[in-house]
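Residue-level structural notes
The residues making up each chain are set out below.
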Amino acid sequence: MKVLGLFGSPRRGGNTEILLEEALKGAEAEGAEIERLYLSDLDMTPCTECHGCDETGACVILDEMQQVYPKLLEADVILLVSPVFFYGVTAWAKILIDRCQAFWAKKYLVKDPSMGSRGKRRKGFFISVGATKGKRVFEGAIMTAKYFFDVLNAEYVGELVYRGVEAKGDILKHPEALEEARQAGRKVVRGA
Ligand SMILES: Cc1cc2nc3c(=O)[nH]c(=O)nc-3n(C[C@H](O)[C@H](O)[C@H](O)COP(=O)(O)O)c2cc1C
(Lines give C-alpha, C1' and ligand atoms only; values in the text may rest on other atoms or scores of the structure.)
Protein backbone atom coordinates (compact mmCIF):
# COMPACT_ATOMS: atom_id res chain seq x y z
CA MET A 1 0.00 0.00 0.00
CA LYS A 2 1.65 3.21 -1.17
CA VAL A 3 0.62 6.56 0.22
CA LEU A 4 1.82 9.71 -1.50
CA GLY A 5 1.70 12.96 0.49
CA LEU A 6 1.65 16.10 -1.62
CA PHE A 7 2.70 19.20 0.33
CA GLY A 8 1.18 22.22 -1.39
CA SER A 9 2.34 24.96 0.97
CA PRO A 10 5.59 26.83 0.38
CA ARG A 11 5.86 27.41 4.15
CA ARG A 12 7.87 24.59 5.68
CA GLY A 13 6.73 23.61 9.14
CA GLY A 14 3.42 25.37 8.53
CA ASN A 15 -0.10 24.34 9.39
CA THR A 16 -0.82 22.06 6.47
CA GLU A 17 2.56 20.38 6.79
CA ILE A 18 1.84 19.65 10.45
CA LEU A 19 -1.54 18.18 9.53
CA LEU A 20 -0.18 16.09 6.69
CA GLU A 21 2.55 14.70 8.92
CA GLU A 22 -0.14 13.59 11.37
CA ALA A 23 -2.13 11.97 8.56
CA LEU A 24 1.02 10.21 7.34
CA LYS A 25 1.70 8.97 10.86
CA GLY A 26 -1.76 7.44 10.87
CA ALA A 27 -1.19 5.86 7.46
CA GLU A 28 2.17 4.50 8.56
CA ALA A 29 0.58 3.01 11.68
CA GLU A 30 -1.63 1.00 9.31
CA GLY A 31 1.46 -0.39 7.60
CA ALA A 32 1.49 1.86 4.53
CA GLU A 33 4.64 2.84 2.68
CA ILE A 34 4.91 6.63 2.72
CA GLU A 35 6.39 9.06 0.24
CA ARG A 36 6.46 12.84 0.60
CA LEU A 37 6.67 15.41 -2.17
CA TYR A 38 7.28 19.04 -1.29
CA LEU A 39 5.85 20.69 -4.37
CA SER A 40 7.53 24.06 -3.84
CA ASP A 41 10.94 22.31 -4.03
CA LEU A 42 10.23 20.94 -7.48
CA ASP A 43 11.19 22.59 -10.71
CA MET A 44 7.82 22.45 -12.44
CA THR A 45 6.51 24.60 -15.26
CA PRO A 46 2.79 25.33 -15.39
CA CYS A 47 0.84 23.64 -18.17
CA THR A 48 1.41 25.62 -21.36
CA GLU A 49 -1.73 24.31 -23.08
CA CYS A 50 0.40 23.15 -26.00
CA HIS A 51 -1.72 20.02 -26.48
CA GLY A 52 1.50 18.04 -26.77
CA CYS A 53 -0.14 15.31 -24.67
CA ASP A 54 -3.27 14.98 -26.81
CA GLU A 55 -2.13 12.04 -28.89
CA THR A 56 0.05 10.19 -26.42
CA GLY A 57 -1.17 11.11 -22.95
CA ALA A 58 2.41 12.07 -22.09
CA CYS A 59 3.46 15.60 -21.22
CA VAL A 60 6.18 17.02 -23.45
CA ILE A 61 7.57 19.44 -20.86
CA LEU A 62 10.74 17.80 -19.59
CA ASP A 63 11.04 19.05 -16.02
CA GLU A 64 10.74 17.47 -12.57
CA MET A 65 7.05 16.76 -13.09
CA GLN A 66 8.23 13.85 -15.21
CA GLN A 67 9.38 12.14 -12.00
CA VAL A 68 6.07 12.90 -10.32
CA TYR A 69 3.81 11.29 -12.95
CA PRO A 70 4.82 7.69 -12.15
CA LYS A 71 4.52 8.35 -8.42
CA LEU A 72 0.93 9.54 -8.89
CA LEU A 73 0.12 6.43 -10.89
CA GLU A 74 1.77 4.04 -8.43
CA ALA A 75 0.10 5.51 -5.34
CA ASP A 76 -2.84 3.70 -3.81
CA VAL A 77 -3.69 6.72 -1.68
CA ILE A 78 -2.95 10.35 -2.44
CA LEU A 79 -3.09 12.89 0.38
CA LEU A 80 -3.13 16.42 -1.00
CA VAL A 81 -2.66 19.30 1.41
CA SER A 82 -2.77 22.96 0.58
CA PRO A 83 -3.66 26.09 2.49
CA VAL A 84 -6.25 28.35 0.88
CA PHE A 85 -4.58 31.05 -1.17
CA PHE A 86 -7.15 33.46 -2.64
CA TYR A 87 -9.95 30.90 -2.34
CA GLY A 88 -8.06 28.20 -4.16
CA VAL A 89 -5.09 25.89 -3.69
CA THR A 90 -1.56 27.30 -3.79
CA ALA A 91 0.21 27.92 -7.08
CA TRP A 92 2.47 24.92 -6.45
CA ALA A 93 -0.44 22.58 -5.98
CA LYS A 94 -2.17 24.07 -9.00
CA ILE A 95 0.87 23.58 -11.22
CA LEU A 96 0.93 19.89 -10.37
CA ILE A 97 -2.81 19.59 -10.89
CA ASP A 98 -2.81 21.39 -14.23
CA ARG A 99 0.05 19.23 -15.46
CA CYS A 100 -2.28 16.28 -14.90
CA GLN A 101 -3.94 17.40 -18.11
CA ALA A 102 -1.66 14.72 -19.59
CA PHE A 103 -3.64 12.11 -17.60
CA TRP A 104 -6.86 13.70 -18.82
CA ALA A 105 -5.65 13.24 -22.39
CA LYS A 106 -4.54 9.68 -21.64
CA LYS A 107 -7.96 8.92 -20.21
CA TYR A 108 -10.36 10.73 -22.53
CA LEU A 109 -8.48 11.24 -25.82
CA VAL A 110 -6.08 8.28 -25.98
CA LYS A 111 -8.58 6.12 -24.06
CA ASP A 112 -5.77 4.19 -22.45
CA PRO A 113 -7.38 1.27 -20.56
CA SER A 114 -5.07 1.85 -17.59
CA MET A 115 -6.99 5.09 -16.96
CA GLY A 116 -10.39 3.53 -17.56
CA SER A 117 -12.86 1.86 -15.24
CA ARG A 118 -10.76 -1.32 -15.21
CA GLY A 119 -7.54 0.52 -14.43
CA LYS A 120 -5.98 0.92 -11.00
CA ARG A 121 -8.29 2.44 -8.41
CA ARG A 122 -6.97 4.93 -5.92
CA LYS A 123 -8.22 6.98 -2.99
CA GLY A 124 -7.81 10.71 -2.55
CA PHE A 125 -8.06 12.83 0.58
CA PHE A 126 -7.70 16.60 0.88
CA ILE A 127 -6.57 18.69 3.85
CA SER A 128 -6.67 22.47 3.98
CA VAL A 129 -6.57 25.45 6.30
CA GLY A 130 -7.54 29.08 5.86
CA ALA A 131 -7.04 32.21 7.93
CA THR A 132 -10.59 33.45 7.63
CA LYS A 133 -13.82 31.95 8.86
CA GLY A 134 -16.06 32.43 5.83
CA LYS A 135 -18.58 29.73 5.07
CA ARG A 136 -17.40 29.31 1.49
CA VAL A 137 -13.65 29.68 2.01
CA PHE A 138 -12.80 26.09 1.02
CA GLU A 139 -15.24 25.65 -1.84
CA GLY A 140 -12.83 26.49 -4.66
CA ALA A 141 -9.98 24.40 -3.27
CA ILE A 142 -12.23 21.40 -2.62
CA MET A 143 -13.64 21.54 -6.14
CA THR A 144 -10.13 21.64 -7.62
CA ALA A 145 -9.01 18.75 -5.40
CA LYS A 146 -12.03 16.67 -6.41
CA TYR A 147 -11.34 17.04 -10.13
CA PHE A 148 -7.64 16.35 -9.62
CA PHE A 149 -8.51 13.07 -7.93
CA ASP A 150 -11.13 12.31 -10.53
CA VAL A 151 -8.67 12.36 -13.42
CA LEU A 152 -6.49 9.93 -11.49
CA ASN A 153 -9.34 7.51 -10.84
CA ALA A 154 -8.90 8.31 -7.20
CA GLU A 155 -12.12 8.10 -5.26
CA TYR A 156 -12.55 11.30 -3.26
CA VAL A 157 -12.96 9.96 0.25
CA GLY A 158 -13.18 13.28 2.02
CA GLU A 159 -11.47 16.30 3.42
CA LEU A 160 -10.43 17.99 6.64
CA VAL A 161 -10.58 21.77 6.58
CA TYR A 162 -9.85 24.23 9.37
CA ARG A 163 -10.86 27.89 9.48
CA GLY A 164 -9.21 30.68 11.45
CA VAL A 165 -5.71 29.20 11.19
CA GLU A 166 -3.15 31.76 10.07
CA ALA A 167 0.24 32.03 11.76
CA LYS A 168 2.81 29.28 11.32
CA GLY A 169 2.00 26.52 13.77
CA ASP A 170 -1.42 27.91 14.79
CA ILE A 171 -2.90 24.49 14.14
CA LEU A 172 -0.97 23.16 17.14
CA LYS A 173 -3.47 25.06 19.30
CA HIS A 174 -6.08 22.60 18.02
CA PRO A 175 -4.99 19.17 19.21
CA GLU A 176 -8.33 17.76 18.06
CA ALA A 177 -7.37 18.69 14.49
CA LEU A 178 -4.11 16.76 14.78
CA GLU A 179 -5.98 13.75 16.09
CA GLU A 180 -8.54 14.01 13.28
CA ALA A 181 -5.74 14.11 10.71
CA ARG A 182 -4.08 11.04 12.25
CA GLN A 183 -7.38 9.17 12.26
CA ALA A 184 -8.09 10.22 8.67
CA GLY A 185 -4.70 8.81 7.61
CA ARG A 186 -5.52 5.51 9.28
CA LYS A 187 -9.03 5.36 7.89
CA VAL A 188 -8.14 6.10 4.29
CA VAL A 189 -5.49 3.37 4.30
CA ARG A 190 -7.85 0.87 5.90
CA GLY A 191 -10.42 1.65 3.21
CA ALA A 192 -8.00 1.39 0.29
C1 LIG B 1 -0.92 34.45 -0.79
C2 LIG B 1 -1.85 34.09 0.32
C3 LIG B 1 -3.21 34.04 0.09
C4 LIG B 1 -4.10 33.67 1.09
N5 LIG B 1 -5.44 33.64 0.82
C6 LIG B 1 -6.31 33.26 1.78
C7 LIG B 1 -7.72 33.22 1.51
O8 LIG B 1 -8.19 33.50 0.41
N9 LIG B 1 -8.54 32.84 2.51
C10 LIG B 1 -8.07 32.51 3.75
O11 LIG B 1 -8.88 32.16 4.63
N12 LIG B 1 -6.73 32.52 4.04
C13 LIG B 1 -5.85 32.89 3.08
N14 LIG B 1 -4.49 32.90 3.35
C15 LIG B 1 -4.00 32.48 4.67
C16 LIG B 1 -3.46 31.02 4.71
O17 LIG B 1 -4.39 30.11 4.19
C18 LIG B 1 -3.12 30.65 6.16
O19 LIG B 1 -2.14 31.53 6.68
C20 LIG B 1 -2.67 29.21 6.35
O21 LIG B 1 -2.60 28.92 7.73
C22 LIG B 1 -1.30 28.93 5.74
O23 LIG B 1 -1.05 27.53 5.84
P24 LIG B 1 0.45 26.92 5.90
O25 LIG B 1 1.01 27.29 7.23
O26 LIG B 1 0.27 25.46 5.71
O27 LIG B 1 1.20 27.53 4.75
C28 LIG B 1 -3.60 33.32 2.36
C29 LIG B 1 -2.21 33.38 2.62
C30 LIG B 1 -1.36 33.77 1.61
C31 LIG B 1 0.14 33.82 1.89
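To be clear, the structure that these remarks concern was listed above.
Remember, it's a predicted structure, so these values are computed and weren't measured experimentally. (Residues numbered from 1 in each chain as written. Predicted model: local features only at pLDDT ≥ 70, side-chain atom pairs only at ≥ 80, totals over all residues. Heavy atoms only, no water.)

1. Focus on the site of the ligand
In the vicinity of the ligand, 17 residues are found, and the nearest of them are Ser-9, Thr-16, Val-84, Thr-132 and Val-165. Between the ligand and the protein, one listed contact pairs an oxygen atom with a side-chain N or O atom of Arg-11 at 2.9 Å. When the ligand is considered free in solution it has 650 Å² of accessible area, and contact with the protein chains removes 78% of it. (Near = heavy atom within 4 Å. Polar contact = N/O pair within 3.5 Å; in protein donor to acceptor, adjacent residues only side chain to side chain. Areas by Shrake-Rupley, 256 points an atom, 1.4 Å probe, with all protein chains shown as cover.)

2. Brief notes about the nonpolar core
Across soluble globular proteins, nonpolar side chains show a tendency to be buried alongside one another. In this structure, Leu-6, Leu-72, Leu-96 and Phe-148 are the most contacted members of the largest nonpolar core, which totals 37 residues. Within the residue set of this core, elements represented by two or more residues are β1 (2-7), α2 (65-74), β3 (77-81), α3 (91-99), α4 (101-109) and α5 (139-151). (Core = buried A, V, L, I, M, F, W, Y, C linked by side-chain atoms within 4.5 Å. Buried < 20%, exposed > 50% of the residue type's maximum accessible area, 1.4 Å probe, protein only. Helix = DSSP H or I, 4+ residues; strand = E, 2+ residues; numbered from the N terminus.)

3. Focus: the side chain of Asp-76
Its place among the elements puts Asp-76 in the loop between α2 and β3. At 2.7 Å, the side chain of Asp-76 forms a polar contact with the side chain of Lys-120.

4. Some details on the packing of aromatic side chains
Summed over the entire model, instances satisfying the criterion amount to five aromatic pairs. Ring geometry for Trp-104 versus Tyr-108: centroids 5.3 Å apart, planes at 45°, classification tilted. On the criterion of helical spacing, the pair formed by Trp-104 and Tyr-108 is a turn pair, its members being four residues apart in helix α4. Classification of Trp-104 by relative accessible area gives partly exposed; the value is 35%. We classify Tyr-108 as partly exposed; its relative accessible area is 37%. The lysine or arginine in question, Arg-12, covers the ring of Tyr-38, its NZ or CZ lying 3.7 Å from the ring centre. (Phe/Tyr/Trp six-rings, centres within 6.5 Å; stacked < 30°, edge-to-face > 60°. Lys NZ or Arg CZ within 6 Å of the ring centre and 35° of its normal.)

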